Amino acid sequence: MEQNYPNFEVVVVDDCSEDGTADILKAFTQQYKNLKITTIKPDEKFSHGKKLALTIGIKAAKNELLLLTDADCLPTDKYWLSHMQENFITSCEVVLGYGGYKQEKGLLDKIIRCDTFFIALNYLSFALAGIPYMGVGRNLAYRKSTFFNNKGFASHYMLRSGDDDLFINEVANKKNTLVEYRPGTLIESEQEKSFGAWIWQKIRHSTTAEHYRTGSKYLLWIEPISRLTFYTLFILMLTMPFPLYWVGIGTYLLRTTIQAIVIKMAQNRLAERNLFIYSLLYDIISPFLYAFIGIKKTLSPKWN
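Residues numbered from 1 in each chain as written. Predicted model: local features only at pLDDT ≥ 70, side-chain atom pairs only at ≥ 80, totals over all residues. Heavy atoms only, no water.

### What about the sheet that holds strand β4 (residues 73-75)?
- Strand order in this open sheet of three strands is β4-β9-β6, and the pairing throughout is mixed. If you trace the sheet from one side to the other, it starts and ends with β4 and β6 (99-101), each paired once. Looking at each pair of strands side by side, their axes are set apart by 35 degrees on average, direction ignored.
- Of the pairings in the sheet, the one linking β6 to strand β9 (residues 187-189) comprises three bridges and is parallel in character. Bridging across to β9, Gly-99 finds its partner in Ile-187. (Pairing = 2+ DSSP bridges. Helix = DSSP H or I, 4+ residues; strand = E, 2+ residues; numbered from the N terminus. Axes fitted to C-alpha atoms, helices over the stretch in contact; angles between N-to-C directions.)

Structural data, given as structure tokens:
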């Protein structure tokens, strides 16, 4: 509500809350005249997900440019709105931002933030290369007309997730999408409090990837397969006699050096602190972690 921008409204969708949200929002309307509230009441005969709430909020918005975030997110700067909207030149319809997590103590913090960083490194880099395939609802902007021209979330409405990544996978392309990662445009969110809760969050998010465009699926498989192939060949070459042994060592050191430079530069731009060494380790363990998540998903009746 205190963003430094001359004319904007904040649309909050109160989606069946039971925690005093309605009273808090009512009090805020006395302080902020540009706050608009839409409310969804519980209905035992009708179940819905986040996509309905978003659709109602977008319909309620009076402006063409939409900037989205979630209830557990907070801009790190009062110029977030201003910087994001600067990207909407004539041809731009979608702006992808970075949504990180507030730094906490402990190993879980490092896992969650490393994973979020690597995912962002993927989708922001592909978008900068002219191949956008997803965004995150924590920090995402697009035109209202783009939403309705695409018929909203109609093609994947019944899925629990996908309000951000599947929608962007459908509408984003080289000509209409820009990336914003200036310091004033970053968003911080609250982390899951347990490893188990985070795993279930990952499983829920993974249900959308199988609905990506075919080309996006291939691109997403290239990186982990190439990484797994590299480490397999490296281990194999360590068992070889000279000079293959030293070729393996040299190749590993070269890749690690290049990777370290890329990671450090990206973390500086995305304001990810105290994560550098953990990121190098996460590069090695993440394929095994994602294999565990895949097995967990397969064995869970909830997701079959």
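Okay, back to it.
### Topic: the packing of aromatic side chains
- Enumeration over the complete set of coordinates arrives at 17 aromatic pairs.
- Residues Phe-147 and Phe-167 carry aromatic rings whose centres are separated by 5.7 Å and whose planes lie at 45 degrees to one another, so their mutual orientation is tilted. Of this pair, Phe-147 sits in helix α5 (residues 144-149) while Phe-167 sits in helix α6 (residues 165-171), placing them 20 residues apart in sequence.
- Each member of the aromatic cluster is reached from another via a ring pair, and the members are Tyr-142, Phe-147, Phe-148, Phe-153 and Phe-167.
- The side chain of Arg-255 reaches across the aromatic face of Phe-230, ending 4.9 Å from its centre. (Phe/Tyr/Trp six-rings, centres within 6.5 Å; stacked < 30°, edge-to-face > 60°. Lys NZ or Arg CZ within 6 Å of the ring centre and 35° of its normal.)

### A look at the sheet that holds strand β7 (residues 140-143)
- The sheet built from four strands is open, its strands ordered β3-β7-β5-β8 with mixed pairing. Each end of this open sheet is capped by a strand with a single partner; those strands are β3 (65-68) and β8 (177-179). Ignoring which end each strand starts from, the neighbouring axes of this sheet average 15 degrees apart.
- Bridge count for strand β5 (residues 94-96) against β7 is three bridges, and the pairing is antiparallel. Bridging across to β7, Val-95 finds its partner in Ala-141.

### Here's the deal with a nonpolar patch on the surface
- A cluster of nonpolar residues, Leu-233, Leu-236, Met-240, Leu-244 and Val-247, forms a patch on the protein surface that exposes about 400 Å² of accessible area.
- Assignment of secondary structure puts Leu-244 in helix α9 (residues 244-269). (Patch = residues over 30% accessible without salt bridge, like charges linked within 9 Å, V, L, I, M, F, W, Y side chains within 5 Å. Areas by Shrake-Rupley, 256 points an atom, 1.4 Å probe, with all protein chains shown as cover. Salt bridge = Lys/Arg side-chain N within 4 Å of Asp/Glu carboxyl O.)

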